[in-house]
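# Coordinate analysis (summary)
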Amino acid sequence: MSARILTRVGVAALVAVGASTLGAPAVGAPAAKVSAAKVSAASVSRTGISRTGVSAPSEHDEAMAVLHDIRAAIAAVLVAENGTSSGPADYITAAHSAVDALVGRNDPAFDARSPDPGDARGALGQVNDLLDHEATPPFVPALHGVQINLLAAVASLQDALKARSLDGFQENASDALENLEIAEGRSSQYDVLGGIAGAIANTRLGVPDDARIADGCAAPHRPGFGVSHGWLAWRAVKPGPTPVATGGYASVKMENDMMILYTTAAPMVQQHCTRHADAKAAAAPALIKAAVPAATTPLYTTAQAARGKAVYAANCASCHGTNLQGVAAPAIAGSAFLKTATTNKYTVSILDTIVTQNMPFNNPASLKPGQYADVMAYLLASNCYPAGKMAFPSDPKPGFGTAIVGVQAHPAGTPDAKGVCPVK
């Protein structure tokens, strides 16, 4: 991602509402610019009607509408850019149509004169509805990233409409497309940077309203969706005359005369299920009941955290921020992050899996094992975990890091106002 786009994403993040991942289907004179703050605020009201005619759309319907609107905005811009006879009027119409799909018909930025490829709520309106939860389901971090990148895309499209040359228009439209592609995401990425496609593919957002839901920790025994703590682990389907779409799933197996489609999040879900069961059967019921899941055993060394700080600065800070409070991606340290981690029952092992398999976003699994271990040490230190004599392992053995991540009863350091401990 270019520095220019990161700057726009950062600006959008400042005005985004709040701050802080199955089976998606495989679309005159320049107007005055409307601020991203107005776009965000005007998109919050619940006035949309679902496809079923119900005044309060389901989470699944809203998520699918977000994906549709994002793809519609991408398609609107690409049609103009790829057209052999596109003139200034075509580009202006394309930009207005893309903005319409993102902000919805009730937003001041909506242009009724241009073709509207989206729905009444727009992608931003649907995202804001999905984020309007008292609890913190696992798709929230991904949707915060979607929201920020959609706001940045709208800002870039409005800059394109004000451009005085074709080159200026195309440059800003390209910026918008990159933000839209990040917002769309990919089904192979769960949690923070999966975009809306990753959230649909790996969380309960991918479960249709009338579907049968089963325990995601258990093996599939009949058709339905396996869900655990909001994560989607698998879908079981009885083979029939109608072909089953397998796009968006990590693997497909035949078990018990059923086709089992496993999500990318399935291994992580299974690890969590196993460790949660072991902890409950062994000694941790008091910790779980008291909701104090912080580990006290040192898991890294001070020197390792210092090395991890340098690796983080070079590979992670552009998205997660130099202070770990988020730029194009959510915060990964501090009180708000730890509250989310505790609510979602993230263990140190789960965080290590997310980091080593999915980061950096633009080049997953590209760092050396030792570098990933150093980054994990830096994250633990930044979250005020104590250092010790044993380094965080580059190849953790089963049973390592099973404690749920949370606020430390006795912080190893002096937390700042955000609850982050500085690392030297």
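Residues numbered from 1 in each chain as written. Predicted model: local features only at pLDDT ≥ 70, side-chain atom pairs only at ≥ 80, totals over all residues. Heavy atoms only, no water.

### Here's the deal with the state of the cysteines
- Taken as a whole, this structure holds 2 disulfides when the rule is applied.
- The disulfide that involves cysteine 217 links it to cysteine 273, with 1.9 Å between the sulfurs. Because the torsion about its S-S bond is -75°, the bridge between cysteine 217 and cysteine 273 counts as left-handed. Remark: cysteine 273 occurs in helix 9 (residues 266-281) and cysteine 217 occurs in the loop between strand 1 (213-215) and strand 2 (224-228); sequence separation between them is 56 residues.
- There is a disulfide in this structure between cysteine 384 and cysteine 421, and the S-S distance comes to 2.0 Å. Negative torsions about the S-S bond denote left-handed disulfides, and the value of about 105° found for cysteine 384 with cysteine 421 makes this one right-handed. Highlighted residues: cysteine 384 in the segment after helix 15 (369-382) and cysteine 421 in the segment after helix 15, separated in sequence by 37 residues.
- The class for cysteine 384 is buried, based on a relative accessible area of 4%.
- Should the bonded cysteines of the protein be numbered as they appear in the sequence, the pairing reads 1-2, 3-4. (Disulfide = S-S within 2.5 Å. Helix = DSSP H or I, 4+ residues; strand = E, 2+ residues; numbered from the N terminus. Buried < 20%, exposed > 50% of the residue type's maximum accessible area, 1.4 Å probe, protein only.)

### Observations regarding the nonpolar core
- Grouped together as the largest cluster of nonpolar side chains are 54 residues, with contacts concentrated most on Tyr300 and Phe392.
- Those elements that place two or more of their residues in this core are strand 3 (231-237), strand 5 (258-262), helix 9, helix 11 (302-315), helix 12 (317-320), helix 13 (335-343), helix 14 (348-358) and helix 15.
- Examining the composition of this core, we find that 9 residues originate from one element, helix 15, more than from any other. (Core = buried A, V, L, I, M, F, W, Y, C linked by side-chain atoms within 4.5 Å.)

### What to know about the packing of aromatic side chains
- If you walk through the whole model with that rule in mind, you get 4 aromatic pairs.
- For the ring pair tyrosine 91 and phenylalanine 169, a centre distance of 5.1 Å and an interplane angle of 65° mean the geometry is edge-to-face. Of this pair, tyrosine 91 sits in helix 4 (residues 88-103) while phenylalanine 169 sits in helix 7 (residues 166-184), and the two are 78 residues apart along the sequence.
- With relative accessibility at 7%, the residue tyrosine 91 sits in the buried group. (Phe/Tyr/Trp six-rings, centres within 6.5 Å; stacked < 30°, edge-to-face > 60°.)

### Points about the sheet that holds strand 2
- If you walk across this open sheet you meet the 5 strands as 1-2-3-5-4, and the pairing is mixed. One side of each edge strand has no neighbouring strand; the edge strands of this open sheet are strand 1 and strand 4 (251-255). Adjacent strand axes in the sheet meet at a mean angle of 30° when their direction is disregarded.
- Pairing of strand 4 with strand 5, which is carried by 5 bridges, proceeds in the antiparallel orientation. (Pairing = 2+ DSSP bridges. Axes fitted to C-alpha atoms, helices over the stretch in contact; angles between N-to-C directions.)

### Structural notes on helix 15
- Here helix 15 contains 14 residues, and its C-alpha end-to-end distance of 20 Å stays within 8% of the 20 Å for a straight helix at 1.5 Å per residue.
- Counting buried positions over the 14 residues of helix 15 gives 11, a clear majority of the element.
- Along its buried surface, helix 15 packs onto helix 11 and helix 14.
- Looking one or two residues beyond helix 15, the residue adopting positive phi is cysteine 384, at roughly 70°. (Expected span 1.5 Å × (residues − 1). Contact = heavy atoms within 4.5 Å.)

These values are about where atoms sit, not about what they do.
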